[in-house]
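Tertiary structure, described
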Amino acid sequence: MKKGLKFFITHFFVIVFFIVAALAYFHPVLQGKVIYQHDIAQYTGMAKEQNDFRKSTETEPYWTNSAFGGMPTYQLGANYPHNYIKKLDRSIRFLPRPADYLFLYFIGFYILLCCLKVDFRLAVLGALAFGFSTYLIIIIGAGHNAKAHAMGYLPFLLAGIVLVFQKKYLWGFVLTALAMALEIVANHYQITYYFMLLVLILGIVYLIDAITKKQLKHFFTAVGILLAAVTLGIATNATGLMATKEYADWSTRGKSELTIEPDGSPKDNTGGLSKEYITQWSYGISESLNLFVPRLFGGASEENLGEDSKSYNYLIDKGLPRSSALNFVSGVPLYWGEQPGTSGPAYIGAIIFFLFILGLFLARGKHKWWLLSGTVLSLVLSWGKNFSALTDFMIDYFPLYDKFRAVSSIQVILELCVPLLAILALHEFFSKKVDTDKKLTALKYTGGIVLGLGVLLFLLKGMFHFIGPGDERLRMTGLEELPEMLRLDRKSVYTSDLLRSMGYVLVTGLLLWFFLKNKLKMNLVVIALGTLIIFDLVGVNLRYVNSEGFVSKRRMLQPFQATAANKAILEDKGVFRVFDQTDGFDSAKTAYFHQSITGYHAAKPAGMQDLFNFHVYRGNLSVLNMLNIKYVIQQDEEGNPFPIENPNANGNAWFIENLKQVSSANEEIRILDSLKTKITAAVNINAFKNINRFEYRLDSTASISLMTYKPNHLTYTSENPNAGVAVFSEMYYENGWNAYIDGKRTDHFKVNYVLRALKVPEGRHKIEFRFEPKVVTEGTRITLTSSILLGLVLVGGIGFSFWKSRKEGES
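A brief report on the enclosed structure follows.

Cut-offs and rules
Residues numbered from 1 in each chain as written. Predicted model: local features only at pLDDT ≥ 70, side-chain atom pairs only at ≥ 80, totals over all residues. Heavy atoms only, no water. Helix = DSSP H or I, 4+ residues; strand = E, 2+ residues; numbered from the N terminus. Contact = heavy atoms within 4.5 Å. Core = buried A, V, L, I, M, F, W, Y, C linked by side-chain atoms within 4.5 Å. Buried < 20%, exposed > 50% of the residue type's maximum accessible area, 1.4 Å probe, protein only. Phe/Tyr/Trp six-rings, centres within 6.5 Å; stacked < 30°, edge-to-face > 60°. Lys NZ or Arg CZ within 6 Å of the ring centre and 35° of its normal. Salt bridge = Lys/Arg side-chain N within 4 Å of Asp/Glu carboxyl O. Axes fitted to C-alpha atoms, helices over the stretch in contact; angles between N-to-C directions. Parallel < 35°, antiparallel > 145°, perpendicular 65-115°, else oblique. Left-handed = near helix turned anticlockwise from the far one by under 90°. Pairing = 2+ DSSP bridges. Patch = residues over 30% accessible without salt bridge, like charges linked within 9 Å, V, L, I, M, F, W, Y side chains within 5 Å. Areas by Shrake-Rupley, 256 points an atom, 1.4 Å probe, with all protein chains shown as cover. Expected span 1.5 Å × (residues − 1). Bend = angle between axes of the 7 residues up to and from the residue. Nonpolar A, V, L, I, M, F, W, Y, C, P; charged D, E, K, R; others polar. Disulfide = S-S within 2.5 Å.

This next bit is on the side chain of Q50. Here Q50 shows up in helix α3 (residues 48-57). Once residues within four sequence positions are removed from consideration, Q50 is found in contact with E60, P61, T73, L76, G77 and A78.

With that settled, consider the nonpolar core. Among soluble globular proteins, nonpolar side chains are generally buried collectively. If you look at the biggest cluster of nonpolar residues, it comprises 165 residues, and the most contacted ones within it are W370, Y401 and L512. Aside from chain neighbours lying at most four places away, what touches W370 is L158, L198, I201, L202, V205, Y206 and L420.

Attention now goes to the packing of aromatic side chains. Counted by the stated rule, this structure contains 55 aromatic pairs. Summarising the aromatic geometry, the rings of F297 and W336 are spaced 4.5 Å apart at their centres and angled 25° between planes, so their arrangement reads as stacked. Of this pair, F297 sits in the loop between α13 (275-278) and α14 (310-317) while W336 sits in the loop between α15 (322-329) and α16 (350-362), placing them 39 residues apart in sequence. W336 carries the same exposure label as F297, and that label is buried. By way of ring pairs, the aromatic residues F17, F18, Y25, F26, F106, Y110, F132 and F550 are connected into one cluster. Residue placement shows R756 over the ring face of F769; its charged tip is 5.1 Å from the ring centre.

Enumeration according to the criterion identifies 24 salt bridges in this entry. The shortest N-O distance in the salt bridge between R487 and E484 comes to 3.2 Å. Note that R487 and E484 are positioned in helix α22 (residues 482-516) at a spacing of three residues, about one turn of the helix. A relative accessible area of 22% places R487 in the partly exposed class. Two residues, E719 and R764, come together in a salt bridge whose shortest N-O distance is 2.5 Å. Separated by 45 residues along the polypeptide, E719 in strand β13 (residues 713-720) and R764 in strand β19 (residues 763-771) bring together distant segments of the chain. Several salt bridges converge on common partners, so that one network encompasses D89, R93, R97 and D100.

In this section: the packing of helix α5 (residues 99-115) against helix α7 (residues 134-142). Between α5 and α7, whose axes approach to 10 Å, the crossing angle comes to 155°. In this view, α5 runs roughly antiparallel relative to α7, as classed from their interaxial angle. Helix-helix and strand crossings are classified by hand; for α5 and α7 the assignment is right-handed. When α5 is examined against α7, the residues Y101, L102 and Y105 are found in contact with a partner set consisting of L136, I137, I139 and I140.

The five strands lie next to each other as β12-β13-β19-β15-β16, forming an open sheet whose pairing is antiparallel. The strands lining the two open edges of the sheet, one partner per strand, are β12 (703-710) and β16 (744-746). Averaged over all neighbouring strand pairs, the angle between strand axes comes to 25°, with direction disregarded.

What follows is about a nonpolar patch on the surface. Together, L5, F8, I9, F12, F13, V16 and V20 make up an exposed nonpolar region whose accessible area comes to about 670 Å². By the element assignment, F13 lies in helix α1 (residues 2-25).

Its 21 residues place the ends of helix α8 (residues 145-165) 31 Å apart at the C-alpha level, agreeing with the 30 Å of an ideal helix rising 1.5 Å per residue. Maximum bend of α8: about 25°, positioned at L154, with proline P155 one to four residues after it. Counting buried positions along α8 yields 20 of 21 residues, so the element is predominantly enclosed. One or two residues past the end of α8 sits K167, with phi positive at roughly 70°.

Examined against the element boundaries, N145 turns out to sit in helix α8. Apart from the residues lying within four places of it in its own chain, the contact partners of N145 are Q37, I40, R97, Y101 and I140.

A separate point is unusual backbone geometry. For the bond from R97 to P98, the omega torsion is 10°, close enough to zero to count as cis. Inspection of the secondary structure puts P98 in the loop between α4 (84-92) and α5. For N518, which is not glycine, the phi torsion reads 60° and is therefore positive. Relative to the helices and strands, N518 is located in the loop between α22 and α23 (522-541). Positioned with a positive phi, Y753 is a non-glycine residue whose angle comes to about 75°. Structurally, the position occupied by Y753 is in the loop between β17 (749-751) and β18 (755-760). Looking at Y753, the relative accessible area reads 3%, which means it is buried.

Moving on: the packing of α16 against α23. In contact at an axis separation of 8 Å, α16 and α23 are set at 125° when each is read in the N-to-C sense. By the angle between their axes, α16 is oblique relative to α23. Of α23, the residues touching α16 (which contributes A350, I351 and I352) are L529, L532, I533 and D536. Of the residues contributing to the contact of α16 with α23, the split by class is six nonpolar, no polar and one charged.

Between the first and last C-alpha of helix α11 (residues 216-235) there are 28 Å, a value that for 20 residues agrees with the 28 Å anticipated at 1.5 Å per step. Listed in full, the buried residues belonging to α11 are H218, F219, A222, I225, L226, A229, L232, G233 and A235.

Regular strands have side chains that alternate between both faces of the sheet. In this sheet, strand β7 (residues 629-635) lies alongside strand β5 (residues 577-580) in parallel orientation, the contact comprising four bridges. Along β7, the bridge assignment pairs V578 with Y631. Looking at chain direction, β7 and strand β8 (residues 641-645) are connected through five bridges and run antiparallel. Directly across from Q634, in β8, lies its bridge partner F642.

So, on to the sheet that holds β17. Read from one edge of the open sheet, four strands run β9-β14-β18-β17, paired in antiparallel fashion. Sheet topology places β9 (653-656) and β17 at the edges, where each strand pairs with a single neighbour. Each strand of the sheet is rotated relative to its neighbour by a mean of 40°, with strand direction disregarded. As judged from the four bridges shared by β9 and strand β14 (residues 724-731), these two strands associate in the antiparallel manner. The residue bridging A653 from the neighbouring strand is F728, located in β14.

Below, the discussion takes up the state of the cysteines. One pass over the full model with this rule turns up zero disulfides. Its sulfur unpaired, C114 is 7.1 Å from the next cysteine sulfur, which belongs to C115.

Next up on the list: the environment of I679. Locating I679 in the fold gives a position in the loop between α29 (665-670) and β11 (680-684). Look at I679 and you get partly exposed, because its relative accessible area is 31%. Counting along the chain gives 19 residues from I679 to L698, while the straight-line C-alpha distance between them is 8.6 Å. When sequence neighbours within four positions are dropped, the list of residues in contact with I679 reads I656, E657 and N658.

Written out as structure tokens, the structure is:
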């Protein structure tokens, strides 16, 4: 009884400590503020129509017309029926955002270390090291919430796997199934996929260990239990997964219909993302050393240098006002690595780096080998095009690897493995079962390696150029010596951060040495290390994510302010689209106010992307007309946006005279160069073989009008003395949109590469398009059944544990 009470009290106060730590770092949330996140602001723009419709009707549309001409909302925060796991997730993340993600980091890693039978004091240390890892904080600041969310549940999932292999089959199954369900809810499949690569490595190491120890029966039993648990966890998210898969095939992540480029040359890759796109963000090989020294390669693309910098003093000497000089050095392009840009380094902490190396000497058994292998694989794959032999192999031959961009993101596996091995090293270091001489030898080797690396970096400083890709543009300001001053600032932070890391390493080594010499007790060493880790990591984190990034909640709820152009267009109450040429293709600002053909998403609708590549970027106005672009926003000479009304927009729907036959997607998109879309539409007869009539009589009295608009339900009235074909300025999406004429379901087809078309009988008719995705209905059945099964397993596990405890107490 006393043991159980002590267990409860210990973990309760640990949880309270994590809550306090998360709120302390993100303390502006206690004032009702929220962190400004660029990606979340863009998401708000994308989801505006969807959220407004949900609020006004209390129903889910599953489709929005506000972005990219129209797309499913499956990746825009759609709510699915019976998604009880999502409700559980929200209960776990009860703190105000983004403190909830930091708390999730802490508690997940703590549970993992406890499952590995690590002393709770060291588990707290590890949780702080993992949670405050610079990369994990920076992604929160950048608005990569789904990535942070998914990262938070990885330790839970790993803990479940560990329990199963420890022969704690019941609770290992329960934790794995729950964690897998929560991991999928996070909705960042790239992170989950990379984690599965780590699990594959873990499985290989465990298999070798099982063969060596002749425990193959246990190994395959564990694998079977884990497969069942993972399957159940995935099944509870069936609706979201099935919907995402369906949309992904229609997006730029799916197989392209085209085999040519806009210039007519053969398309190198038709299976989804190109290698160039996948590897655009590739970590430089030497740049990886910023795991040990944060600003070895400058830190971030925009960094505050302050008044002590060479650049500031140079600007002051040139006569710039102090305010202007301070403004410049507050956002200096300090980063000079090989990536297009970065919000900060993937710094894991000099102390954790030191302890990780110590773990290579002290950690024993299979854990060391799968953690080391996972770290190395994660590191070399993050190099992307800088280590093309392995990267190309993975893209060409490893299933689904080519579906994800930004290969540098795979360093999330390293972010998990390194602090885990570091704490296992401390676990062995404080263990009385390990010989003191072995500990001392390991400490000496580790100190020699890490401090030697620091000295080497100091000596090699002269071999680096410290030149950023945009430095030459600074000369255009008339300040010829500014690039050189910036280069000197980069050298300065290189040196200062290198000395900083070496200082932390030296103090850590001394603390451990004093412990071995019985000069310090374990508790004092742990407290000292915890304090140092917090000062080290938080000190770097605050350079990139701090209270200055917090704004009023209203600013994030309303991230875009209407310009005079937006306000003028909003006075027009019709249903049409707007193309803002001042905002670019990758922005959701227009979607926040109007229906737009642009937006912000990692998986854009492939058809709209192709239209931009082949026509919009080349100024083909007929394509804008068929997309019902009634207003184009441009800039005047003073840079102010103003709207231009397009009198040639085709409208919401129109009858045509003839269908132009083409035999491929290539022909269909290229013919739009010359197609008179108001009277002719192109149809791919190989995709729609039942089309057998191509000429129609177009009467001057024929009309079709949009009567009511909802994002998921469009109603038209048509009048035509002749049978005809109507074209609708809406995106064709076969997996959900159904057409009805006078209430009777009727087949429709695709024309002009992206639009819907429908054969309409003569006379007056009511035409409807309803979005009725089967994937939601079918997925919901699986989700509900799986959730009930998981709930029964959880309740059964709790009941069995109580029964077992009672039986043990009676005996």
